[in-house]
Amino acid sequence: MALNTVKIPSIGFGTGTAWYKGDPDTIDDKLVKTLLSAFKHGYRFIDGAESYGTEREIGAAIAQSGLSRSDLFISTKILKSIGNPEEALRKSLERLNLTYVDLYIIHAPYFTQASHGIELEEAWPRLEALVDKGLVRALGVSNFRIEHLERLLKVAKYPPAVNQIEFNPYCQDVQTVEFCRKHGIIVEAYAPLSPIVYYKGTDRPVDSVLDKLAQKYATSQASILLAWVLSQGHVAILTTSKTERQEEYIKASEIKLTEAEISDISRAGQQVPEFRKFWASAGHKQSKPKA
Ligand SMILES: NC(=O)C1=CN([C@@H]2O[C@H](COP(=O)(O)OP(=O)(O)OC[C@H]3O[C@@H](n4cnc5c(N)ncnc54)[C@H](O)[C@@H]3O)[C@@H](O)[C@H]2O)C=CC1
Ligand SMILES: O=CCc1c[nH]c2ccccc12
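Rules of the game
- Residues numbered from 1 in each chain as written.
- Chains lettered and ligands numbered in written order.
- Predicted model: local features only at pLDDT ≥ 70, side-chain atom pairs only at ≥ 80, totals over all residues.
- Heavy atoms only, no water.
- Near = heavy atom within 4 Å.
- Polar contact = N/O pair within 3.5 Å; in protein donor to acceptor, adjacent residues only side chain to side chain.
- Areas by Shrake-Rupley, 256 points an atom, 1.4 Å probe, with all protein chains shown as cover.
- Helix = DSSP H or I, 4+ residues; strand = E, 2+ residues; numbered from the N terminus.
- Nonpolar A, V, L, I, M, F, W, Y, C, P; charged D, E, K, R; others polar.
- Contact = heavy atoms within 4.5 Å.
- Core = buried A, V, L, I, M, F, W, Y, C linked by side-chain atoms within 4.5 Å.
- Buried < 20%, exposed > 50% of the residue type's maximum accessible area, 1.4 Å probe, protein only.
- UniProt positions renumbered as here; feature names shortened; annotations may be inferred.
- 1 Å grid on protein atoms, 1.4 Å probe; cavity = no way out; pocket = protein on both sides within 12 Å on 5 of 7 lines; lining within 4 Å.
- Points joined across faces, edges and corners; volume = space filled by probe spheres on them.

The next point concerns the site of ligand 1. Around ligand 1 lies a shell of 25 residues, among which Thr17, Asp47, Tyr198, Tyr249 and Trp279 are the nearest. Here a nitrogen atom of ligand 1 sits 2.8 Å away from a polar atom, N or O, in the side chain of Gln164. When isolated, ligand 1 has an accessible area of 840 Å², and the protein chains bury 86% of it. For the shell around ligand 1, the elements supplying multiple residues, two or more each, are strand 10 (235–238) and helix 11 (243–250). Classifying every residue of the shell around ligand 1 by side-chain character gives 13 nonpolar, nine polar and three charged.

What follows is the structure in C-alpha cells.
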C-alpha cells in the first residue's frame, strides 16, 4: 500500500497494550524475542510509541535480526512530548538505534495549550520540519476524528498519511473512515481482534458470522477479523506473543472476503452499541455507525 511515495505493509506488529511498560530504559527480553520471531514469520512493520517504553526492544530486535533497514517499516508515536517534537524524536531514534523512522504519529488529539503548552495547528508544522530534515519519511495521526482531521488539513503542508484508530466490527467509526478514504488517509486499525479479545457483551452477534466464515475459509475467527479489516483496504495492527498465531495472522491478507461477507460482519457488529476499549475516558466520543 502506498503512502505518498512510502510503501506501508498491510499488517503491523504492535508493541503497545500487552507490552506496555512505560519505563523506556529497561529491556523486556520477552518482547525482543517476540519481535525476532515476528520478523522470522515475515512481519516487517513494527508499531511503537514513546509512551509504551518499548523502543529499546524494537531497536535491539532490529539489530539482532540481520534485516536491512530498508526492508523494515518502523513507526513510533509522540504525545506527552508534543511541545518539542524534534527533541522527542531524537530520543526515540536513540532508543531505536535508527537514523530515521518510516512513520511518526501523533498518538491522540487530546492536547492543548493548557495541557501540553501547544495546539495542534502549531504542533503539525514542527512535525513537518522533521520530514524536511530526513528524520521521518511520513507523518500520521491516531485517534483523530473528523473535527481533528479538518483542523489539521487546514494547516498541513504534508497531510497525514495515516490515521491509526480503533477499528473492528464493534467499533466501526464509519464517518471517520469515510472521511479518511475521501482524503486519501490510510486507516490503520488497532484492536482488530477486539470482538474475541476485549468485547465482553453477552449479546455477541458477530460470533456466529465469524464462526461460519472461519469454517468456509478453514481458518480461525481471529484471521477472519483481520481479513475483514484488510479486505476493506485498511492496514491492521495486531499483537501476539504466540509464534503459531504470528504465523497464522500474517497469512490473513491471503483471505479475500467477498463484499457480501464483509457486509455480513459489519451489519452484525452494528446490531449492538459501539464498544470502544481505548481512549473513551480521554474524551473520545462514542459514535454509533450509521445502520
Ligand atoms: N494508537 C493507539 O491509541 C493504540 C494503538 N494500539 C496499537 O495496536 C497494537 C494492537 O492492539 P491490541 O489491542 O493489542 O490489538 P489486538 O486486537 O491484536 O489484540 C491483542 C491481544 O489479543 C491477544 N490475542 C491475540 N490473538 C488471540 C486469540 N486468538 N485469542 C485470544 N487472545 C488473542 C493478544 O495476546 C493480545 O493481548 C498495540 O500493540 C499497539 O501497538 C493499541 C491500542 C491503542
Ligand atoms: O496506544 C494505545 C494504548 C496505550 C497503552 N499504553 C498507553 C500509554 C499511553 C498512551 C496510550 C497507551
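Our next topic: the environment of Leu210. The residue Leu210 is located in helix 9 (residues 205–216) in this model. A sequence separation of 113 residues divides Leu210 from Asn97, and the C-alpha atoms of the two residues are 41 Å apart. Ignoring sequence-local partners within four residues, the contact set of Leu210 consists of Ile196, Gln221, Ile224, Leu225 and Ile265.

Next up on the list: the nonpolar core. What tends to happen in soluble globular proteins is that the nonpolar side chains get buried as a cluster. Among the nonpolar cores identified, the biggest contains 75 residues, and Tyr104 and Ile106 are the most heavily contacted of them. Of the residues forming this core, the biggest block, eight residues, is contributed by helix 10 (residues 221–230). Discounting residues that sit within four places of it in the chain, Tyr104 has contacts with Thr76, Lys77, Ile78, Pro85, Ala88, Leu89, Leu127, Leu130, Val136, Ala138, Leu139 and Gly140. Core analysis: the second largest hydrophobic core is formed by 15 residues, Val6, Ala138, Tyr190 and Phe278 among them.

The residues that UniProt annotates with the feature "site: Lowers pKa of active site Tyr" (unreviewed entry) are Lys77. Among the structural elements, Lys77 can be located in strand 5 (residues 73–78). Residues in contact with Lys77, not counting those within four places in the same chain, are Asp47, Gly48, Ala49, Glu50, Tyr52, Tyr104, Ile105, His107 and Gln164. Within polar-contact distance, the side chain of Lys77 engages the backbone oxygen of Gly48 at 3.0 Å.

In this model, the largest pocket occupies a volume close to 800 Å³. As for the largest pocket, its lining consists of 37 residues, and the residues nearest its centre are Gly16, Thr17, Ala18, Tyr198 and Thr239. Going through the elements one at a time, helix 8 (194–197), strand 10 and helix 11 are the ones with two or more residues in the lining of the largest pocket. Here the residues of the lining of the largest pocket sort into 18 nonpolar, 14 polar and five charged. Considered as a void within the structure, the second largest pocket measures approximately 270 Å³ in volume. Residue lining of the second largest pocket: 15 residues in total, with Gln172, Val174, Arg181, Gln232 and Ser266 positioned closest to the centre. Elements with a contribution of two residues or more to the lining of the second largest pocket: helix 7 (174–182) and helix 12 (259–269). Classifying every residue of the lining of the second largest pocket by side-chain character gives five nonpolar, seven polar and three charged.

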